[in-house]
Amino acid sequence: VDSVRVIGQACRAVPTPPPVWLQAGTAHIIGDPIPEDTLCDDDTPPPIEGLAPEVGRAWEQAFDDALLPGQRGVQMRMSFVLGAQGGALQQLATLARLGLGGTVGHGRQWMSWAHEHDMNRLWLAALTDASYRGAYMATAPEPVTNRVFMRELRRACRRPWSPPASGLAVRFGARFLLRTDPELALLGRRVVPSRLLDEHGFGFDYPEIGPALRRLLR
């Protein structure tokens, strides 16, 4: 939040401030809906409680407060961005190649994702098209369950079936090996980018998880 305020102060200090401000946000602002298959979009209100929703709301409010009069502001509520270089996908691919690419937990938790190529295209569109304003769910239009994601990951890595990872094993590995929050793997949200599709007709080059993973891990 402080970094957003600092950028806002910098915009006010320069003679010619930028006419457009694009800001990264999080799709996790809507929390972890119950039931798990709840379909969420840009109109889904953030829950009152929860660390991620509270941080997301504070971040977006700071952004709105920092915008200059007449400055066009766009917030991208990003999900799991799949990239070819580093990041979580490469860690998951390594596990899959080692035979550890099984379903995580019960596998019914939803994963919202986007190919890095589409994310770059989206940011460029928002930067150059004046019709982009406000907050957008920046995700591919076809979220998948963890079971489907891990199956397609194994196929992209050319690995056979792998045993599932129990919730207990995931909690141990996430905290002590990967140094991350296990809830990122055990919980999730089913998000669709309704504003991008309905208002802008944004066409995703990689709307399906299988081709996206094969392209990145070929």
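Given the structure is predicted, the values throughout are model-derived calculations rather than measurements.

Re helix 5 (residues 146–156)
In step 1: Listed as buried for helix 5 are Asn-146, Phe-149, Met-150, Glu-152, Leu-153, Arg-154 and Ala-156.
In step 2: At the C-terminal side of helix 5, Arg-158 shows a positive phi close to 55°.

Concerning the pattern of salt bridges
Side-chain pairs of opposite charge can arise whenever the charged atoms involved come near each other.
In step 1: Across all of its chains, the model carries nine salt bridges by this definition.
In step 2: Across the salt bridge formed by Asp-118 and Arg-121, the nearest N and O atoms sit 2.9 Å from each other. Here the residue Asp-118 and the residue Arg-121 both occupy positions in helix 4 (residues 116–128), the gap between them amounting to three residues, near one helical turn.
In step 3: A relative accessible area of 1% means that Asp-118 is categorised as buried.
In step 4: The class for Arg-121 is partly exposed, based on a relative accessible area of 28%.
In step 5: Residue Glu-199 pairs with Arg-195 through a salt bridge whose shortest N-O separation is 3.0 Å. Residue Glu-199 and its partner Arg-195 are both found in helix 8 (residues 194–200); the two are separated by four residues, about one turn of the helix.

Describing the pairing of strand 3 (residues 72–78)
In step 1: For strand 3, the tally of buried residues reaches six of seven residues, placing the bulk of the element in the interior.
In step 2: Here seven bridges tie strand 1 (residues 20–26) to strand 3, and the two strands are oriented parallel to one another. Bridge pairing in strand 3 links Gln-23 to Gln-75.
In step 3: Sheet topology note: the strand 3/strand 7 (residues 134–138) ladder contains five bridges and is parallel. Within strand 7, the position partnered with Arg-77 by the bridge is Met-137.

Side note on the sheet that holds strand 1
The strands making up a sheet are joined through hydrogen bonds of the backbone, oriented either antiparallel or parallel.
In step 1: Strand order in the open sheet made by the three strands is 1-3-7, with parallel pairing throughout. Single-partner strands in this sheet number two, and they are strand 1 and strand 7. Taken pair by pair, the neighbouring strands of this sheet meet at an average axis angle of 25°, ignoring direction.

About the criteria used
For every chain, the first residue of its written sequence is number 1, and the numbers climb from 1 along that sequence. This being a predicted model, a pLDDT of at least 70 is required before a residue's local features are given, and a value of 80 or more before pairs of side-chain atoms are given or counted; all residues contribute to the totals for chains, interfaces and linings. Side-chain measures here rest on the full set of heavy atoms in the structure, leaving out hydrogens and waters. The classification of residues rests on relative accessible area computed with a 1.4 Å probe and restricted to protein chains. Under 20% of the type maximum is buried, over 50% is exposed, and intermediate values are partly exposed. Put simply, DSSP marks the helices as runs of H or I at least four residues long and the strands as runs of E at least two long, and each gets a number from the N terminus on. By convention in these notes, a salt bridge is any Lys or Arg side-chain nitrogen within 4 Å of a carboxyl oxygen on Asp or Glu. Two strands are counted as paired when DSSP detects at least two bridges linking them. Lines are fitted to the C-alpha atoms to define the axes, a helix being fitted only along its stretch in contact, and any angle between axes, read from their N-to-C directions, falls within 0 to 180 degrees.

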